[in-house]
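# Observations on chain architecture
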Amino acid sequence: MPDNALPLVISAPEPRTLDLIFTPPQLALFRKKYRIVETTPEGVAGLPPDVLAAARYIVGQPPIAPETLESLKTLRCVFNVETNLLNNMPYETLFQRGIHVVTTGLVFAEPVAELGLAMALNLARGIVDADVAFRQGKELWGGDGNQKARLLSGADIGIIGFGDLGRALNRLLSGFRTRTKVFDPWLPPSILIDSGVEPASLDDVLSTSDFVVVVASVTSENQGFLGADAFAKMRKGAAFILLSRAGVVDFQALMDAVRSGHIVAASDVFPEEPLARDHPVRALPGFLRSAHRAGALDIAFKRMGDMVLEDMDLIDRGLPPLRSKRAERETVSRMRSKPVDKN
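Scope of this entry: the structure provided in the associated data block. This one's a predicted model, so the numbers in the text were calculated from it and none came from an experiment.

Looking only at helices and strands, the protein features 13 helices and 13 strands. On C-alpha atoms alone, the protein measures out to a radius of gyration of 22 Å, which is about the 20 Å that the 2.2 N^0.38 rule sets for 343 residues. Over its C-alpha atoms, taken along the principal directions, the protein stretches across nearly 75 × 45 × 35 Å. Within the protein, the fraction of its 343 residues that count as buried is 49%. Contacts in the protein between residues at least 24 apart in sequence constitute 67% of all its contacts with a sequence separation of at least 6.

The seven strands lie next to each other as 8-7-6-9-10-11-12, forming an open sheet whose pairing is parallel. The open sheet has two edge strands, strand 8 (198-199) and strand 12 (287-289), and neither has a second partner. In terms of strand pairing, strand 9 (residues 211-214) meets strand 10 (residues 239-242) through four bridges, oriented parallel. Looking across to strand 10, one finds that Val-214 is bridged to Leu-242.

With that out of the way, let us pick up the packing of helix 6 (residues 109-125) against helix 8 (residues 164-173). Axis separation between helix 6 and helix 8 bottoms out at 8 Å; the angle between their running directions is 50 degrees. For the element pair helix 6 / helix 8, the angle class is oblique. Judged by the twist between their axes, the crossing of helix 6 over helix 8 is right-handed. Each of Ala-109, Glu-110, Val-112, Ala-113, Glu-114 and Leu-117 in helix 6 lies in contact with helix 8, whose residues at this interface are Asp-164, Leu-165, Ala-168, Leu-169, Leu-172 and Leu-173.

The next point concerns the nonpolar core. Core analysis: the largest hydrophobic core is formed by 55 residues, its most contacted members being Phe-30, Val-59, Phe-79 and Met-312. With nine residues, the top contributor of residues to this core is helix 6. Excluding residues that lie within four positions of it along the chain, Phe-30 makes contacts with Val-9, Leu-18, Phe-22, Ile-36, Val-59, Leu-309 and Met-312. Counting residues in hydrophobic clusters, the runner-up holds 34 residues, among them Ile-160, Ala-216, Ala-230 and Leu-284.

Another aspect to go through is the packing of aromatic side chains. Following the criterion strictly, the structure yields ten aromatic pairs and no others. A centroid spacing of 5.7 Å and a plane angle of 65 degrees characterise the contact between Phe-134 and Trp-141, whose relative ring orientation is edge-to-face. One aromatic cluster is present, formed by Phe-22, Phe-30, Tyr-34, Tyr-57 and Phe-79 through successive ring pairs.

Examined against the element boundaries, Ser-209 turns out to sit in the loop between helix 10 (202-208) and strand 9. Of note is the side chain of Ser-209, whose polar atom sits 3.3 Å from the backbone nitrogen of Gly-158. Looking at Ser-209, its side chain comes within polar contact range of the main-chain oxygen of Val-205, at 2.6 Å. Not counting residues up to four positions away in its chain, the partners in contact with Ser-209 are Asp-156, Ile-157, Gly-158, Arg-235 and Ala-238.

What counts and what doesn't
Residues numbered from 1 in each chain as written. Predicted model: local features only at pLDDT ≥ 70, side-chain atom pairs only at ≥ 80, totals over all residues. Heavy atoms only, no water. Helix = DSSP H or I, 4+ residues; strand = E, 2+ residues; numbered from the N terminus. Rg over C-alpha atoms; globule rule 2.2 N^0.38 Å. Buried < 20%, exposed > 50% of the residue type's maximum accessible area, 1.4 Å probe, protein only. Contact = heavy atoms within 4.5 Å. Pairing = 2+ DSSP bridges. Axes fitted to C-alpha atoms, helices over the stretch in contact; angles between N-to-C directions. Parallel < 35°, antiparallel > 145°, perpendicular 65-115°, else oblique. Left-handed = near helix turned anticlockwise from the far one by under 90°. Core = buried A, V, L, I, M, F, W, Y, C linked by side-chain atoms within 4.5 Å. Phe/Tyr/Trp six-rings, centres within 6.5 Å; stacked < 30°, edge-to-face > 60°. Polar contact = N/O pair within 3.5 Å; in protein donor to acceptor, adjacent residues only side chain to side chain.

Just geometry here; none of it tells us what the structure is for.
Below, the structure written as structure tokens:
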């Protein structure tokens with residue numbers, strides 16, 4: 001088949017790259033099956049009219065103005081490989097035209113959940129602090145090194161948010177026989193019960209949990225909703241683990257709660273990234289830090305390419321995408337997560 005007869009794909013995947021999300025064989029197949037026009041997100045609107053008119057797919061999450069969308073006459077799906085559903089395109093018009101908007105964020109659920117489990121175990125057993133003490137010749141042996149240690153097994157766990165990441169975390173916790181409560185106002189209780197967790201109010205999750213894990217997306221309704229009052233409701237000595245986005249917490253209040261000794265905490269995300277060198281959280285005892293690396297594994301990125309290729313094949317055959325997660329008309333405009341700056 002001549003190249004100009006192949007379905008056309010506009011590729012603008014920043015901050016990803018095609019080499020990042022595809023294995024070499026996947027990328028070769030991608031280029032064999034489709035005519036790829038590569039550009040920047042800002043360059044999409046300036047592409048030649050015939051390119052815009054012929055585009056079947058967009059890989060990326062470029063800003064799409066209404067007038068640009070009018071030129072995308074044969075567009076069938078936008079594959080968001082940044083994974084945050086940005087408020088930068090006319091979603092209502094996309095839905096009216098039957099154009100799918102999908103995200104490959106599911107690839108991050110398992111890797112992030114695993115790091116969250118590791119953080120919980122560390123906060124329970126003081127693994128990092130014990131290692132640092134050992135390096136400094138200040139280690140405490142046996143029971144002397146376990147004065148504040150506790151078990152994750154059989155603990156009371158609270159999960160705030162129960163999307164793909166919350167479900168992945170719950171699967172990992174099943175082997176620890178935890179008593180798990182979940183707060184997620186976007187889900188009916190039956191879905192939580194079917195997953196083996198107890199539906200609960202936010203206050204109940206905060207006040208009755210040994211470990212509170214936050215995996216909720218930032219929306220127009222929950223920015224900064226976990227503040228001083230929320231942390232004060234937690235059990236003394238409880239652990240607070242932030243895995244989704246820093247925008248859901250009052251970060252200063254979180255640091256204050258840790259500094260006071262009321263709780264301990266861990267976070268993979270921060271209000272500004274990269275974080276300023278003199279930010280006080282860097283030297284805060286009782287706070288375990290990770291540089292937004294929970295999901296950034298090569299195996300996860302490569303799964304994106306597999307998802308994109310399989311869903312394109314389904315759409316080419318007149319079927320709906322099944323591997324990627326579809327944006328929902330009722331919720332997509334509420335999303336407020338910041339885009340990632342780099343891989």
